[in-house]
Amino acid sequence: MTTTVEKQTGDKAPLKVVGTRPIRHDSLDKVVGRARFGADIAMAGLLHGKVLRSPHAHARIRSIDVSKALALPGVKAVVTARDLPIIKDAVVDFGETQGNSRMLAENVLAHAKVLYVGHAVAAVAATSPHIAEEALSLIEVDYEVLPPVMNVRDAMKDGAPLLHDDLTLRNVGERFARGTDTGIRSNIASHIQFKRGDLEKGFQEAATVVEHEFTTRTVHQGYIEPHVSTAYWAPDGHITVWTSTQGAFGIRDQTAAMLDVPPSTVKVVPMEIGGGFGGKINTYLDPVVALLSRKSGHPVKISMSRKEVFEATGPTSAAYMRAKIGAAKDGRITAAQLYLAFEAGAFPGSPVGAGAGTGLAPYKLDNLLVDGYDVVVNKPKVAAYRAPGSPQAAFAVETVVDELAEKLGMDPLEFRLKNATKEGDRLPSGVQMPPVGYIELLQAMKRHPHYSAPLSGPNRGRGVAVGYWHNAGFSSSATLSVNADGTVSLITGSVDIGGTRTAVAMQAAEVLGIRAEDVMPTVGDTDSVGWTGVTGGSRTAFSTGLAAIAAAENVKRQMVARAALLWETQPQDVEVRDGVFVSIKNPQNRLTFKELAGKLMRTGGPVSASASSNPRKVSPGVAGLIVDVEVDTDTGKTTLLRCTAFQEVGKAAHPTYVEGQTQGGTAQALGWALNEEYVWSKDGVMLNPTWLDYRMPTSLDLPMIEAVLVEVGNPAHPFGIRGVGEVSIVPPLAAVANAIHKAIGVRMRDLPMSPEAVRRAIEAKGAAG
């Protein structure tokens, strides 16, 4: 694997720690099994919980009788939705913050209706998991079964079964400043629109116009650790939750809202996490185990099975899309139109807004129209999945862009360079493009040996695509404490799902002039550190890093003052050079960071500092992919031959981890492109809820993914660091489709591009002559 590093912007001093590759701080604990995950929680009096789930995709709950379950020896508590204080009746106000909490509560425990197979209906706590399982079979639920609606296009039809009696369409976007409730009862929760220029005139000016429809299926994030949560509701009213989550404060606030208690009474302890990728942001179990604990007086733990994870937690959206793009003879795009209809699952909240904002973002457009629809269907409520919404939209846009370049006889990367969005250009939302090295990324792709390498042999093809993700900022908090031995303890509120402990520690070390190994990072619970946003949105190394930098600068100022006190001089007469404090007036007065740390207790006591970040300037991420494939025309199987993933990373805090993020997102998208999908029966039952039948790629299915890191620098960060965790998942869907076209002359517009789908496309092409 090679890493290409472009010119770093600015004339800043060379970095000593950031950009190196130290061993991650938590590596030994994880390798030897000392790290504690949610399933490892054990304590005196612990009860085991199980959840009763709906066998129907759509049904009214007439009644629930739990009396027989409660009578079973060993059963200590049973809860239903009526035990959630936030649920007062069957009506959910989808337009208000409180309504959003109630909607989440309805997803945690169904009240008036079940809306997907696997929807939680009741939960039991017992002295053993076997007794809890038996108790579930004794709960009697009377259902009125209703017809389900299982895909976005059916859900949008007039006369389609309505999931929610009080859900009405809301218009949001450029023409609707704060959102307008249309009063129309519908499965369409919202419509977002971006519009600019004269679309009709733009298409009239085009020499070539390409328009096609696209579909994607429901797919899972693929985290290995199932959801697990343990809670204890103490007699004094304080609740402690030990859980697997990407955001402890989000779980605290969601749980508190559903239980109608102050957030200050809920302490969430985030355990080590076995993957998330966006799927462990919302709560599923935490309020349930808390209620069971309050009723039983014992701590209660619930661990989901793999089947429950598939059936009852959030995958990403399936989508129906149309893309239409026109270009002049010289390759300039004259107009673009994008229609997106995303499945939200049982409750509103698909990432269609993100898809609408990012799909066309790589291209400078004077005339555009983007329409996005958030549509409820009888499937689990969707959750985030790495750059949520962007891969689907890019699949449509980048496939059409590739065909457009082909019809115009242009090199696909030259076409993209000609139309590339530059800093200051307007994105589809109207916001200006922030600083990002998109041009440098395209140039790196074009220069790379892979792009011009010979590709011989029948049915082989090379495809390219690019992708955009806006990244996030949000608030983070960090606390630093200097120890007498010269090490520094660092507490942050960011759950580590990608090496961010080390990446943030490295930034603090850079400021203090010490080794990364001398900063001891830990992830704090919600009582131990200030409010911190979710680990997601490609924000953690960036925003939590800013908090750690601010705290480290404070520590450094305090240490300078301590050195000045020792030398009987003023702080402005002390400078710090590579972690050594030096008196400007008397250069022989020198103390290393470690030496000065040992003198703190006799110069005023401990040194510590806390800081929070709330960045207003956030720089986006861009990525590209070059992929070679070979297609077996007899079976339709697509074999990946070579894969080179490009990403503009600002400054790679820890290049090994950044390469891993680039490779990981690419690998997930390759599985999404070729194999992965939820398979549903007509009644809404998932037919493949196991790793055996849900086909994720293994190392045997993938070539070595070469990661090329393009470093241009992020001016919104003192070290140039940019969020890197998501955008690599965006280009591969279209890149693989474009490669298959180059290999066999067939355009694939529906995912997954499985052997069966490719074979059907080959046969259809043959039948058409």
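Predicted model only: the values in this text are computed from it and were never measured.

Scoring rules and cut-offs
- The numbering scheme is per chain: residues are counted from 1 as the chain's sequence reads.
- Owing to the predicted nature of the model, reporting of local features is limited to residues with pLDDT of at least 70; listing and counting of side-chain atom pairs is limited to 80 or more, with chain, interface and lining totals taken over all residues.
- For side-chain calculations, the full set of non-hydrogen atoms in the structure is used, while hydrogens and water are omitted.
- When DSSP finds at least two bridges between two strands, those strands are taken to pair.
- Secondary structure elements follow DSSP: runs of H or I of four or more residues count as helices, runs of E of two or more count as strands, with numbering from the N terminus.
- Between the N-to-C directions of two axes lies an angle of 0 to 180 degrees, each axis being a line fitted to C-alpha atoms and, for a helix, fitted only over the stretch in contact.
- Two residues qualify as a contact provided that any one of their heavy atoms is within 4.5 Å of a heavy atom in the partner residue.
- The handedness criterion is simple: a crossing whose near helix is rotated anticlockwise from the far helix by less than a right angle is left-handed, and one whose near helix is rotated clockwise is right-handed.
- Throughout, the ten residues Ala, Val, Leu, Ile, Met, Phe, Trp, Tyr, Cys and Pro are labelled nonpolar, Asp, Glu, Lys and Arg are labelled charged, and all others, Gly among them, are labelled polar.
- Residue exposure (1.4 Å probe, protein chains only): buried if accessible area is under 20% of the type maximum, exposed if over 50%, otherwise partly exposed.
- For this analysis, a polar contact is any N or O atom pair within 3.5 Å, provided that within protein one partner can donate a hydrogen and the other can accept it, and provided that sequence-adjacent residues contribute only side-chain to side-chain pairs.
- Each helix should span, by expectation, one fewer than its residue count multiplied by 1.5 Å.
- Note that His is not counted, nor are the chain ends; the positive residues are Lys and Arg, and the negative ones are Asp and Glu.
- Any Lys or Arg side-chain nitrogen located within 4 Å of an Asp or Glu carboxyl oxygen qualifies as a salt bridge.
- Source of the domain bounds: an automatic or database domain assignment.
- Throughout, the accessible surface (probe 1.4 Å) given up by two parts as they are put together, summed over both, is called the buried area.
- By convention a nonpolar core is built from buried Ala, Val, Leu, Ile, Met, Phe, Trp, Tyr and Cys residues, the set being connected through side-chain atoms within 4.5 Å.
- Patches were defined on residues exceeding 30% relative accessible area and lacking a salt bridge, with like-charge contacts within 9 Å and nonpolar side-chain contacts (Val, Leu, Ile, Met, Phe, Trp, Tyr) within 5 Å.
- Reported accessibility uses the Shrake-Rupley method at a 1.4 Å probe radius. Residues are deemed covered only where the shown protein chains occlude them.
- What sets the label is the angle itself: under 35 degrees gives roughly parallel, over 145 gives roughly antiparallel, 65 to 115 gives roughly perpendicular, and the rest give oblique.
- Ring pairs are drawn from Phe, Tyr and Trp, using the six-membered ring of Trp, whenever the two centres fall within 6.5 Å, and their geometry is named by plane angle: stacked under 30 degrees, edge-to-face over 60, tilted for the rest.
- Working rule: Lys NZ or Arg CZ, within 6 Å of ring centre, within 35 degrees of ring normal, means a charge sits over the ring.
- Here the term right-handed applies to a crossover when the path leading from its first strand over the helix to its second strand runs clockwise, the strands being oriented away from the viewer.

Visitor: How do you make sense of the sheet that holds strand β20 (residues 488-492) when you look at a structure like this?
Guide: Pairing between the strands of a sheet is mediated by backbone hydrogen bonds and can be parallel or antiparallel. One open sheet holds the 4 strands; their spatial order is β21-β20-β19-β25, and the pairing between them is mixed. Each having just a single partner strand, β21 (519-523) and β25 (608-613) make up the two edges of the open sheet. Ignoring which end each strand starts from, the neighbouring axes of this sheet average 20° apart. Pairing between β20 and β21: 5 bridges, direction parallel. The residue bridging Leu490 from the neighbouring strand is Pro521, located in β21. Sitting on the sheet, helix α16 (residues 540-567) touches β19 (476-482), β20 and β25, and the angle it makes with β25 is about 150°.

Visitor: Where do I start with the packing of helix α11 (residues 390-408) against helix α19 (residues 732-744) in this structure?
Guide: When two helices pack together, their arrangement is given by the angle between the helix axes and the distance between those axes. Packing of α11 against α19 leaves a shortest axis separation of 7 Å and a crossing angle of 35°. The handedness of the crossing between α11 and α19 comes out as right-handed. Where α11 approaches α19, its residues Pro391, Gln392, Ala394, Phe395, Glu398, Thr399, Asp402 and Glu406 are matched on the opposing element by Leu733, Ala734, Ala737, Asn738, His741 and Lys742. Considering only residue class, the contact of α11 with α19 consists of 6 nonpolar, 4 polar and 4 charged.

Visitor: Hey, could you run me through the side chain of Glu343 in this one?
Guide: Within the secondary structure, Glu343 is located in strand β16 (residues 333-345). A residue is classified by how much of its surface remains accessible, and Glu343, at 4% relative accessible area, is buried. Of note is the side chain of Glu343, whose polar atom sits 3.1 Å from the backbone nitrogen of Val152.

Visitor: Would you take a moment to explain α11 for this structure?
Guide: For an α-helix, 3.6 residues make a turn, and residues three or four places apart therefore share a direction. Given a rise of 1.5 Å per residue, 19 residues ought to cover 27 Å, and the 26 Å separating the end C-alpha atoms of α11 matches this to within 8%. Burial of α11 is extensive: 17 of the 19 residues sit out of reach of the surface. Once α11 ends, the next one or two residues include Gly409, with phi positive near 70°.

Visitor: Looking at this structure, how should I read the side chain of Glu676?
Guide: One can find Glu676 in the loop between α18 (655-674) and β28 (705-710). Put simply, Glu676 is tucked away with no salt bridge, and the nearest opposite charge, on Arg695, sits 8.2 Å away. Within the structure, the side chain of Glu676 is placed 2.6 Å from the side chain of Tyr694, a separation counted as a polar contact. Apart from the residues lying within four places of it in its own chain, the contact partners of Glu676 are Val219, His220, Gln668, Gly671, Tyr694, Arg695, Met696, Pro697 and Pro752.

Visitor: Explain the domain arrangement of the chain to me, please; I cannot follow it from the model alone.
Guide: Many analyses report the size of an interface as the accessible area lost when the parts associate. You can read the domains of the chain as domain 1 (1-16 + 434-471 + 619-769) and domain 2 (473-613). Computed over C-alpha atoms only, the centres of domain 1 and domain 2 are separated by 38 Å. At the interface, 18 residues of domain 1 touch 15 residues of domain 2. Interface area for domain 1 against domain 2, summed over the two sides, is near 1300 Å², with a carbon-plus-sulfur share of 61%.

Visitor: So what exactly am I meant to see when it comes to the sheet that holds strand β18 (residues 460-469) here?
Guide: Taken in spatial order, the 4 strands line up as β18-β26-β27-β28 in an open sheet, and their pairing is mixed. Since the sheet does not close on itself, it has two edges, and those belong to β18 and β28, each with one partner. Put simply, the sheet's adjacent strands are angled 15° from each other on average, direction ignored. Here β18 runs beside strand β26 (residues 621-631); their pairing, made up of 10 bridges, is antiparallel. By the bridge assignment for β26, Gly461 is matched with Val629. Of the strands in this sheet, β26, β27 (638-648) and β28 are in contact with α18, which crosses β28 at around 125°.

Visitor: I'm lost on the nonpolar core in this one. Help?
Guide: Generally speaking, a soluble globular protein has its nonpolar side chains buried in company with each other. The biggest cluster of nonpolar side chains holds 99 residues, and the ones touching the most others in it are Ile325, Tyr438, Met445, Val736 and Met753. In contact with Met753, other than residues within four places in its own chain, are Ala673, Leu674, Leu733, Val736, Ala737, Ile740, Met748 and Val758. Counting 43 residues, the second-largest nonpolar core is a separate cluster that includes Val17, Val18, Ala548 and Trp567.

Visitor: When you look at the pattern of salt bridges in this model, what are you seeing that I'm missing?
Guide: Close approach of charged atoms allows side chains with opposite charge to pair. Overall, the coordinates contain 43 salt bridges when judged by the stated rule. Across the pair Arg416 and Glu398 runs a salt bridge whose closest N-O atoms are separated by 2.9 Å. With a gap of 18 residues between them, Arg416 in helix α12 (residues 412-418) and Glu398 in helix α11 connect regions that are remote in the sequence. There is no split in this pair, since Arg416 and Glu398 are both buried. When the shortest N-O distance is used, the salt bridge between Lys407 and Glu403 registers 4.0 Å. Residue Lys407 and its partner Glu403 are located together in helix α11, separated by 4 residues, close to a single helical turn. The buried category is assigned to Glu403, whose relative accessible area is 10%. Within this structure, Asp402, Glu403, Glu406, Lys407, Lys742, Arg747 and Arg749 form a network of salt bridges that share partners.

Visitor: Sorry, what's going on with a nonpolar patch on the surface here?
Guide: A contiguous nonpolar surface patch, about 300 Å² in accessible area, is contributed by Leu28, Val31 and Val32. In this fold, Leu28 is placed in helix α1 (residues 27-32).

Visitor: What should I look at first to understand the pairing of β25 in this one?
Guide: With burial as the criterion, only one face of β25 is covered, namely that bearing Ala609, Ala611 and Ser613; the residues Ser608, Ser610 and Ser612 on the opposite face remain uncovered. Direction of pairing for β19 relative to β25: antiparallel, over a ladder of 6 bridges. Each residue of the ladder has a partner; that of Leu480, found in β25, is Ala609.

Visitor: Just checking my understanding: could you explain α16 for this structure?
Guide: Relative to the 40 Å expected for 28 residues at 1.5 Å per residue, α16 spans 39 Å between its end C-alpha atoms, a close match to the ideal helical length. Phi turns positive, to about 50°, at Glu568, one or two residues after α16.

Visitor: Would you mind showing me how to read the packing of helix α15 (residues 500-512) against α16 here?
Guide: Where α15 contacts α16, the axes come no closer than 8 Å and their chain directions differ by 30°. As judged from the angle between their axes, α15 and α16 are roughly parallel. Between α15 and α16 the crossing geometry is right-handed. Two secondary-structure elements touch here, α15 through Thr500, Ala503, Val504, Gln507, Ala508, Val511 and Leu512 and α16 through Thr540, Ala541, Thr544, Gly545, Leu546, Ala548, Ile549, Ala552, Glu553, Val555 and Lys556.

Visitor: Teacher, can you tell me more about the packing of aromatic side chains here?
Guide: Two aromatic rings, taken as a pair, are described by how far apart their centres are and by the angle between their planes. Counting across every chain of the model gives 12 aromatic pairs. Cluster of aromatic residues (ring-pair linked, three or more members): Phe310, Tyr678, Trp680, Trp691 and Tyr694. When the ring centre of Trp233 is taken as origin, the NZ or CZ atom of Arg294, which lies over that ring, is 4.5 Å away. The ring centre of Tyr339 lies 4.0 Å from the NZ or CZ of Arg322, which sits over that ring.

Visitor: Got a minute to help me understand the pairing of strand β12 (residues 239-243) in this structure?
Guide: If a strand is regular, its side chains alternate between the two faces of the sheet. Across the 5 residues of β12, 5 count as buried, placing the element largely inside the fold. Here β12 shows no split at all, with Ile239, Val241 and Thr243 on one side and Thr240 and Trp242 on the other all buried. Relative to β12, strand β11 (residues 228-233) runs antiparallel, the two sharing 5 bridges. Paired with Trp233 across the strands is Ile239, a residue of β12. Between β11 and β12, which follow one another and run antiparallel, lie 5 residues, and Gly237 among them has a positive phi close to 95°. Pairing analysis gives 5 bridges linking β12 to strand β13 (residues 266-270), with the strands arranged parallel. In the sheet register, Val241 faces β13, and the bridge partner there is Val268. Following the backbone out of β12, through helix α7 (residues 248-259) and into the adjacent parallel β13, one traces a crossover that is right-handed.

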